[in-house]
Every structure is written in C-alpha cells, then in structure tokens.
Amino acid sequence: MKPGLSSTGLPEKSLLREPVRTIPGDAPGAPLSGTALCLSGGGYRAMLFHVGSIWRLFDSGMLTKLDRVSSVSGGSIAAGALAMAWAKLATASRSDRAAFEREVVAPIRRLARRTVDFRAIVLGCGVPGWAGRRVAGAYRRHLFGSATLQDLPDAPRFVFNATNMQSGVLWRFSKPYMADYRVGMVHKPTTSLATAVAASSAFPPVLSPVILRVDPRTVEAGEGADLHREPYTSRVVLSDGGVYDNLGLETAWKRHRTMLVSDAGGAFSAKPRPGGNAISHTMRVLLTIDNQVRSLRKRQLIDGIKARREHDGAYWSIGADIRDYPAPGALACDAARTRELAAWPTRLKRVADEVQERLINWGYAICDAAIRSYVDTSISAPPGFPYARGV
C-alpha cells in the first residue's frame, strides 16, 4: 500500500487513547518534538528486517538524530542489540560499515542461526512463565550478558514494550523507569535487559507469559493508578508487546513529532478452510482481530503523517512494493521475492544465512526509499545493498 492512501474516518487520537498522564513527558497536550524510531514485532523475520533498516539509518546519518527507539517483540531484539552497541557507534563514522556490522549485525546474525523457541516451548509446556525464562536465558547468553536497564544509553531513550495481562495495557521498560499507568512506576529499575526483551517478545500462547517479580515498596502510584495494590505491584504477568500495539507506536506517538516506523508484521493470508474445531477456529478469530487492530493503527499513522498537523515522518513495511516510493535511485527489489520474505514465519527459529542477508537487504532498501521520499530528500542514494545477493 502506498503511504497515505487510506483513511479511517476516525478522529486522529481515537486509537492511541491510553491515558498516560502519570508517565513523565507523555501527558496529553505535551508539545511534540524530536524523532522516534518504532520497530514492530515479527520474530526473527522482524529482527533481521529491522537491522537492515537501522543499518540504512546509520549510514545515512539519521540514526544519531533519534530521540527515542520504541519497540515490541522481534523489534525489541534488534533494539536491544542497537542499545548495547550505541556507545561504540557514537564514535564511528557513518561511512564505517564495518563498525556497524561488527557491533550490531554480527551478534544478531549469530542469534538468528539458533532456534530458541522450540526448546523453550517443550521444556516450559504446562509451567506458566518457564518458556519465557528460557527465552530470556538465550538472550542473556547470546546477546545481552548481564546488562540491565541501567546499562542502556541515556539518549536516545530506548523503550521496550510488553503487555500487562492483568491490567490490559502496556508495561514499558526503560532506563529511567518501568511502568504501567494503572499499576504505577518503578524508578531506575535494575531488571535485566534480557528479561525486558523476553517479555516484549513473549509470543502468545507458546512463549507467554513472562512473570516479573517486583518489590511492591518500589512501585510509586500516580494519578490514575487504580490498580496500585498487590498482587499487581508484586507479580506482573507480561505478554508480547504486540498484543497491545504491534507497531510500538503508543510510547512515541504522544511525545515525538517525527515518526520513523519499520513494520515487519506478517501478512494476513486468506484461508479457504479456516478449520472447524474449537482451537483452530479460536486461533483464526484471534488472528483476524489482531490483523484488524494493526491495520487501524497503521492507517491512523499514515493519515496522521499525511495530514502533517502534528506528525511527520515515514512508514515502511516488509510487505510494501518499493516502486510505490518516489525516491530516485531506489535499490531494485523484485516484488515476488520480497513477498516471500514477508511470508516468513513469525518464529525464533534458525534462519539460513541466505535468507538472513535477503531480509537485511530488504529492510535496508525499503527504509532508504521511505526516508528519501518523505523525510530528507537531500540524502544520497546508497551505492548498493549491504550484501551482494540482493533480495
């Protein structure tokens, strides 16, 4: 779909309606400024696609202009790797592709060669929270080590979004605080980065929930915290951030003017025989609901950017056609090949090197077309893909 072609006919803020007056800087009516990058969910498919997009932001010079990175699910894995590498990237020249590949791409590709979800599902079957702990352990071993939220950079602000299944709203992890506006806020949390990313990427039902233990004495109530009591303040039951907001928009939309949104959500496919038994039918119903909610958020985003009343920026997706973007010199990407990538399963399952490179190349190319079309037309066209094989 071309950016800005659809209209919902809904008021601009009708979808992003979570009252966040207790979250610093996110109060209704707060002035919008700065730039946010939002990374969607989608398992390893999203993780690799987003790495390609981040790579293009790096060598175009736009990465250092970010004020916030808001992520969910597979996007949170990529965001976590970027956060870990931020200090080293800050001193690297934007022409130094080797530095970006070494500090961000290489760790992500090593993880993508491992299947994480199957073992977690099998060993955690029937034990609430066990699968999530297994995934957090894999992230700890292969990406984040002993890093906590206090090891994140001060700027840009990295926000890892999960869904609180008790309150039904977002639970956000960041360096200054972790919070749910209905439950309260913990200042300067020392939660491990691996746990935060595992909670954000706890795909339901197999990897969900991640159970977070909190000292209730550290949870500060705010206006609107109607659930500021135990067990809400001591045992937090979290699922994938995409359950609430698969684009990671919520924590950025109310604060930042320029929105850069990378969407690697899987395509919703038609199914002539959707299944008649209770389990398969229920799963299909849930997928349909999820697809509709994601579509509405996407349309609101595009309409908001097109109107340019409060927001500007660019949206790109794994299911887009690069020919719909007017930027001159866009990298050539065969639509049939990119549709294959959009249909890649939403799993934390090993991805062959060839497919890894194609996903990274595709994220790089479509991000380039989007930012040079709608954000900064003065950026030069890239000389080629990160990897020679194209998409």
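Scroll up to find the structure this text is about.
Let me begin by describing the structure that accompanies this report. (Residues numbered from 1 in each chain as written. Predicted model: local features only at pLDDT ≥ 70, side-chain atom pairs only at ≥ 80, totals over all residues. Heavy atoms only, no water.)

### Points about the pairing of strand β10 (residues 258-263)
The line we're drawing: Three exposure classes are used, based on accessible area relative to the maximum for each residue type with a 1.4 Å probe and protein chains only: buried under 20%, partly exposed in between, and exposed over 50%. Elements are defined by DSSP. Helices are runs of H or I of four residues or more, strands are runs of E of two residues or more, and each kind is numbered from the N terminus. Here, any two strands with at least 2 DSSP bridges between them count as paired.
Of all six residues that make up β10, six are buried, and the element is covered over most of its length. With burial as the criterion, each face of β10 is covered, one bearing Thr258, Leu260 and Ser262 and the other bearing Met259, Val261 and Asp263. Sheet topology places strand β1 (residues 35-39) next to β10; five bridges connect them, and they run parallel. When the bridges of β10 are listed, Thr35 appears paired with Thr258.

### What to know about the pattern of salt bridges
Where we set the bar: Here, a salt bridge means any Lys or Arg side-chain nitrogen found within 4 Å of an Asp or Glu carboxyl oxygen.
The tally for this structure, following the rule as stated, stands at 18 salt bridges. Residue Asp353 pairs with Arg109 through a salt bridge whose shortest N-O separation is 3.7 Å. Taken together, the positions of Asp353 in helix α10 (residues 353-374) and Arg109 in helix α3 (residues 97-112) put the pair 244 residues apart, joining distant regions of the chain. Arg372 is the salt-bridge partner of Asp368, the closest N and O atoms lying 2.8 Å from each other. One end of the pair is Asp368 and the other is Arg372, both in helix α10 and four residues apart, which spans about a single turn. Just as Asp368 is buried, Arg372 falls in that class too. What you see here is one network of salt bridges that share partners, running through Arg56, Asp59, Arg97, Asp368 and Arg372.

### Quick notes on unusual backbone geometry
The linkage connecting Ala155 with the following residue, Pro156, adopts the cis geometry, with an omega of 0 degrees. Looking at the secondary structure, you find Pro156 in the loop between α5 (130-144) and β3 (157-164). Across the junction of Glu230 and Pro231, the peptide omega takes the value 5 degrees, indicating a cis bond. Structurally, Pro231 can be placed in the loop between β8 (219-220) and β9 (235-240).

### Points about the packing of aromatic side chains
The cut-off we apply is this: Only the six-membered ring of Trp is used, alongside the rings of Phe and Tyr, when aromatic pairs are assigned; centres must lie within 6.5 Å, and planes under 30 degrees apart are stacked while those over 60 apart are edge-to-face, with the rest tilted. When the NZ atom of lysine or the CZ atom of arginine is within 6 Å of a ring's centre and also within 35 degrees of its normal, the charge is said to sit over that ring.
In the structure shown here, the tally under the stated rule is seven aromatic pairs. The interplanar angle of 75 degrees and the centroid separation of 6.1 Å between the aromatic rings of Trp86 and Phe158 together place this pair among those described as edge-to-face. Linking Trp86 in helix α2 (residues 74-90) with Phe158 in strand β3, this pair joins segments that are 72 residues apart in sequence. Under the relative-accessibility criterion, Trp86 is labelled buried at 11%. Each ring, one from Tyr139 and one from Phe144, has its centre 6.4 Å from the other, and the planes form 70 degrees; the classification is edge-to-face. A single burial state applies to Tyr139 and to Phe144, both of which are buried. Grouping aromatic residues by their ring pairs yields a cluster made of Trp55, Phe58, Phe100 and Tyr387. If you follow Arg109 out to its NZ or CZ, it ends over the ring of Tyr387, 5.2 Å from the centre.

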